[in-house]
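Fold and contact review
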Amino acid sequence: MFDLDKWQEIFSTIKKNRLRTFLTGFSVAWGIFMLIILLGSGRGLENGVRNQFKGSVNNGIWISSGRTTMAYQGFKPGRDIKFTNEDYERVKETIDGIDVISARSMININNTISYKNEYGNFTISPCHPGYAIIKDVKIEEGRFLNDIDLQKYRKVVAISTIVRDALFKNGDKKKAVGKYIKISGVPFKVVGVFSDEGLEDEQRRVYIPIYTAQRVFFGSNEIDQVSLTTGDKTIDEVDAMVEQIRKQFSAIHKFDVEDHRAISIWNKAQDFKRTMDLFAGIRLFVWIVGIGTIIAGIVGVSNIMIIVVKERTKEIGIRKAIGATPYSIVSTIIAESILITAFAGYVGLILGIGLLELISKALPPIEFFVNPEADLRVAVSATILLVVSGTLAGLFPALKAAGIRPIEALRDE
Amino acid sequence: MIELKGLHKSYITGNNKLHVLKGLDLIIEQGELVSVMGSSGSGKSTLLNVLGILDSYDNGSYKLNNTLMSNLTEKKAAHFRNNMIGFVFQSFNLISFKNAMENVALPLYYQRVGRKTRNKIAMEYLDKMGIKDWAEHMPNELSGGQKQRVAIARAMISKPKVILADEPTGALDSTTSLEVMDLFREINKSGITMIIVTHERDISEKTNRIIQLKDGIIESDLISKN
Ligand SMILES: Nc1ncnc2c1ncn2[C@@H]1O[C@H](COP(=O)(O)OP(=O)(O)OP(=O)(O)O)[C@@H](O)[C@H]1O
Ligand SMILES: [Mg+2]
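Residues numbered from 1 in each chain as written. Chains lettered and ligands numbered in written order. Predicted model: local features only at pLDDT ≥ 70, side-chain atom pairs only at ≥ 80, totals over all residues. Heavy atoms only, no water.

1. A look at the overall build of chain A
Check the secondary structure of chain A and you find 13 helices and 14 strands. Its C-alpha atoms give chain A a radius of gyration of 34 Å, clearly above 22 Å, the size a compact globule of 413 residues would have. Taken along the three principal axes of its C-alpha coordinates, chain A extends 105 × 60 × 30 Å. Here chain A holds 413 residues, and the buried ones make up 49% of them. Within chain A, contacts between residues at least 6 apart in sequence are counted, and of these 79% link residues at least 24 apart. Accessible surface, chain A as shown: approximately 20,500 Å² in total, 59% of it carbon and sulfur. Within chain A, one finds 52 positive and 46 negative side-chain charges whose respective centroids are separated by 5 Å. (Helix = DSSP H or I, 4+ residues; strand = E, 2+ residues; numbered from the N terminus. Rg over C-alpha atoms; globule rule 2.2 N^0.38 Å. Buried < 20%, exposed > 50% of the residue type's maximum accessible area, 1.4 Å probe, protein only. Contact = heavy atoms within 4.5 Å. Areas by Shrake-Rupley, 256 points an atom, 1.4 Å probe, with all protein chains shown as cover. Lys, Arg positive; Asp, Glu negative; His and termini not counted. Charge placed at Lys NZ, Arg CZ, Asp CG, Glu CD.)

Here is the structure:
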């Protein structure tokens, strides 16, 4: 039921009353715009921080060797703490509640990796099979390292998709698994290809069995890091595990328990929870401010609609005197209000989303601000809310003005 | 055409009740040219508003074209206002954001006449009123006489049975007033009943029947020769 003539009448009224159209529209557009910016920034911040947590499981603990900073039992500060396979074995045997565990070595080996004529520099990362779970990598082809690889000192390697793409060109790309690549000149058999959502340099890794690496490249049983996951333990239980680990290492390696530089223990679960708690707070804040913005918008648009209809009482009287029905008057005012507020809401939506796009495009990639998109459903619902409340606010005075005798409406000055 | 029997109307303001029309009996036939006179506050405008269904009455009866005008829904009332009655206000009552032509055309909008057609008809009426050149002007760019002509054109465009004019010349100088009266006589000749409220004797003398109101009753009702 599209009445062209009616819409022409509505458009001509809108066109000739620019200021009030602008004021009505502005309060809606502004409210929606601010809401989008608010929701978008909140989301962008959260996405950014969540990304920081990607690339490893959230219930991991990383124990890394460091250097003492406190004197202890006659030792001077500044002593390097060195881990060996024994540390790995001991943690594995004596600490309760470990789900998966892996040692890692960070010693630099000549990191040139080649296949046929293709070569490149990548990070060679010796580890146990469990590291695939701790690092949260996704196996794309083949498999990760397994226990037998380690026991038998096999020269096998799991490579990242980036490494695969760099070494295996064109036709070879799909056939990387089973091929031999040279790591520091030593041939290793590719057993699998994985992808990793972590930082870029973590995506440029190849993983080889740690015992193989020790035998082939290091000639020692040194390791640099022990990492493990804690299953579904509570934060408190994990804290207790961390304490136990710290005490044990301090006793074995003879450093002060309070010396947090001798070994560093990163408890991701705690970090993660703290950050997520912070975001629960930020989300609540965003919601409160967002609801406040919407309420301000509702009050603004309702106010203007009431004034607009009041201001139009005399016009309504004139229209009635020449034969307008109450229905035609009310429906015109309502259609006009819906048109203005819906269009303004749309404009606010577009401007808000446009600005967010601009921000994420124009700004250099900031690690803590990623994909600042607003929840469209929330924005659209808010628009509808504003449209409805503006319309309702206009409806009652319009009904009243349309229902009274024309002479009363005409008397209105 | 118009038939009043014992028509009463009071205004209630706060606790006071002001009895304005105190039992009017009046019959006006189709095609008459009538003026209503009387001192200020005698109830002329009140009577005209009731006749134009712009206001309600309390007691008695008002029949327009043999239909009783009481307890009408606003929708029915709108229909009568649109089809039977043209109203010319003393204060013009033009819509300020519409130009002269659009103001004149507005009654036809409510008769669902298309935009082009109604604007064309409006131009014809503006031409008749001699203000065709001002069609695109906004009301605030028009003189009092021009505004009154626009208002008259608007009252005529729906070809009503009766035109009610409340002091249509009140804001005009005497020459313009007489021009407007000549227009009314023209309109009346086409068979439209005209009821004109006025204070001015030389205006009422141009009508065929003069009704004198005094304190809400008809004091005299004289049919003149012309
Ligand atoms: N809306 C109203 N509420 C209360 N009293 C009113 C109202 N309109 C008119 N009156 C009163 O009714 C009486 C008649 O008013 P009306 O306007 O009919 O007079 P009039 O004859 O048209 O006078 P004038 O020649 O000054 O226009 C006046 O005393 C006026 O004060
Ligand atoms: Mg009067």
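2. Focus on the sheet that holds strand β4 (residues 59-64) of chain B
Residues and elements named next belong to chain B. With antiparallel pairing, four strands are arranged side by side in an open sheet as β2-β1-β4-β5. This sheet does not close on itself; its edge strands, each paired only once, are β2 (16-28) and β5 (67-68). In this structure, strand β1 (residues 2-13) lies alongside β4, joined through five bridges in antiparallel fashion. Pairing of I2 across the sheet is with L64, part of β4. Of the strands in this sheet, β1, β2 and β4 are in contact with helix α1 (residues 44-51), which crosses β1 at around 120 degrees. (Pairing = 2+ DSSP bridges. Axes fitted to C-alpha atoms, helices over the stretch in contact; angles between N-to-C directions.)

3. Focus: the sheet that holds strand β3 (residues 33-38) of chain B
Residue and element names in this part refer to chain B. Sheet architecture is open: six strands sit in the order β6-β7-β8-β3-β9-β10, paired in mixed fashion. With partners counted over all chains shown, the strands left at the sheet margins are β6 (85-88) and β10 (217-223), one partner each. Taking the axes of each pair of neighbouring strands and ignoring which way they run, one obtains an average angle of 15 degrees across the sheet. Sheet topology note: the β3/strand β8 (residues 193-197) ladder contains four bridges and is parallel.

4. What about the side chain of K98(B)?
Along the chain, K98(B) turns up in the loop between β6 and α3 (100-109). By relative accessible area, which is 2% here, K98(B) ends up buried. Only 2.9 Å separates the side chain of K98(B) from the side chain of E9(A), close enough to count as a polar contact. In this structure, K98(B) is in contact with E9(A), S12(A), R319(A), N103(B), L106(B), M138(B) and P139(B), ignoring residues within four places of it in sequence. (Polar contact = N/O pair within 3.5 Å; in protein donor to acceptor, adjacent residues only side chain to side chain.)

5. Examining unusual backbone geometry
Residues other than glycine seldom take positive phi values, yet Y153(A) does so here, at roughly 50 degrees. Looking at the secondary structure, you find Y153(A) in the loop between α5 (147-151) and β8 (156-160). Of note in this structure, R112(B) is not a glycine but carries a positive phi near 60 degrees. With respect to the helices and strands, the residue R112(B) is situated in the loop between α3 and α4 (115-128). Classification of R112(B) as exposed rests on a relative accessible area of 67%.

6. What to know about the packing of aromatic side chains
Residues and elements named next belong to chain A. All chains considered together, the criterion is met by 16 aromatic pairs over all chains. Each member of the aromatic cluster is reached from another via a ring pair, and the members are F22, F26, W30 and F33. The cationic tip of R90 hangs over the ring face of F249; the distance from NZ or CZ to the ring centre is 4.9 Å. (Phe/Tyr/Trp six-rings, centres within 6.5 Å; stacked < 30°, edge-to-face > 60°. Lys NZ or Arg CZ within 6 Å of the ring centre and 35° of its normal.)

7. Overview of the domain arrangement of chain A
Looking at the assigned domains, one finds that chain A contains domain 1 (4-53 + 274-411) and domain 2 (60-267). In this structure, domain 1 of chain A and domain 2 of chain A have C-alpha centres spaced 55 Å apart. (Domains from an automatic or database assignment.)

8. What to know about helix α5 (residues 144-157) of chain B
Between its terminal C-alpha atoms α5(B) stretches 20 Å, which fits the 20 Å expected from 14 residues at 1.5 Å a residue. The element α5(B) is largely enclosed, with a buried count of twelve among its 14 residues. For α5(B), the full list of buried residues reads G145(B), Q146(B), Q148(B), R149(B), V150(B), A151(B), I152(B), A153(B), R154(B), A155(B), M156(B) and I157(B). Looking at the buried positions of α5(B), the neighbouring elements they touch are α10 (313-321) of chain A together with β6, α3, α4, β7 (162-166) and α6 (174-189) of chain B. Phi turns positive, to about 50 degrees, at K159(B), one or two residues after α5(B). (Expected span 1.5 Å × (residues − 1).)

9. A closer look at the nonpolar core
All names here are of chain B. If you look at the biggest cluster of nonpolar residues, it comprises 56 residues, and the most contacted ones within it are I2, L7, L51, Y62, L64 and I195. A total of five residues in this core trace back to one element, the largest contributor, which is β2. If we ignore the near neighbours within four places in the chain, the residues touching I2 are L26, I27, I28, L51, Y62, K63, L64, V162 and I195. In terms of nonpolar packing, the next biggest core, distinct from the first, is built from 35 residues, M101, L108, I152 and A153 among them. (Core = buried A, V, L, I, M, F, W, Y, C linked by side-chain atoms within 4.5 Å.)

10. A closer look at the site of ligand 1
Taken together, 15 residues lie near ligand 1, and S40(B), G41(B), K44(B), S45(B) and T46(B) sit nearest. Each of chains A and B places residues near ligand 1. Starting from 620 Å² of accessible surface for ligand 1 in isolation, the protein chains cover 69%. Broken down by secondary-structure element, the contributors of at least two residues to the shell around ligand 1 are β1, β2 and α1 of chain B. Looking at which element gives the most residues to the shell around ligand 1, the answer is α1(B), with three residues. Among the residues forming the shell around ligand 1, the class breakdown is three nonpolar, nine polar and three charged. (Near = heavy atom within 4 Å. Nonpolar A, V, L, I, M, F, W, Y, C, P; charged D, E, K, R; others polar.)

11. Points about the confidence of the model for chain B
Overall, the predicted model of chain B reaches an average pLDDT of 92, with 99% of residues at or above 70. Of the two predicted TM-score estimates for the complex, the pTM is 0.73 and the ipTM is 0.93. (pLDDT = per-residue confidence, 0-100.)

12. Thoughts on the interface of chain A and chain B
Across the boundary between the two partners, chain A contributes 28 residues, which contact 28 residues of chain B. Buried area between chain A and chain B, both sides added, is near 2,600 Å², and the carbon and sulfur share of it is 55%. A salt bridge links E9(A) to K98(B), with the shortest nitrogen-to-oxygen separation between them at 2.9 Å. Applying the counting rule to chain A against chain B returns eight residue pairs in polar contact (both at pLDDT 80 or more). Only α1 (4-16), α10, α11 (326-362), α12 (376-403) and α13 (406-411) of chain A provide two or more residues apiece to the side of chain A that touches chain B. Top contributing element to the side of chain A that touches chain B by residue count: α1(A), with seven residues. Split into classes, the residues belonging to the side of chain A that touches chain B amount to ten nonpolar, eight polar and ten charged. (Buried area = accessible area lost by both parts, 1.4 Å probe. Salt bridge = Lys/Arg side-chain N within 4 Å of Asp/Glu carboxyl O.)

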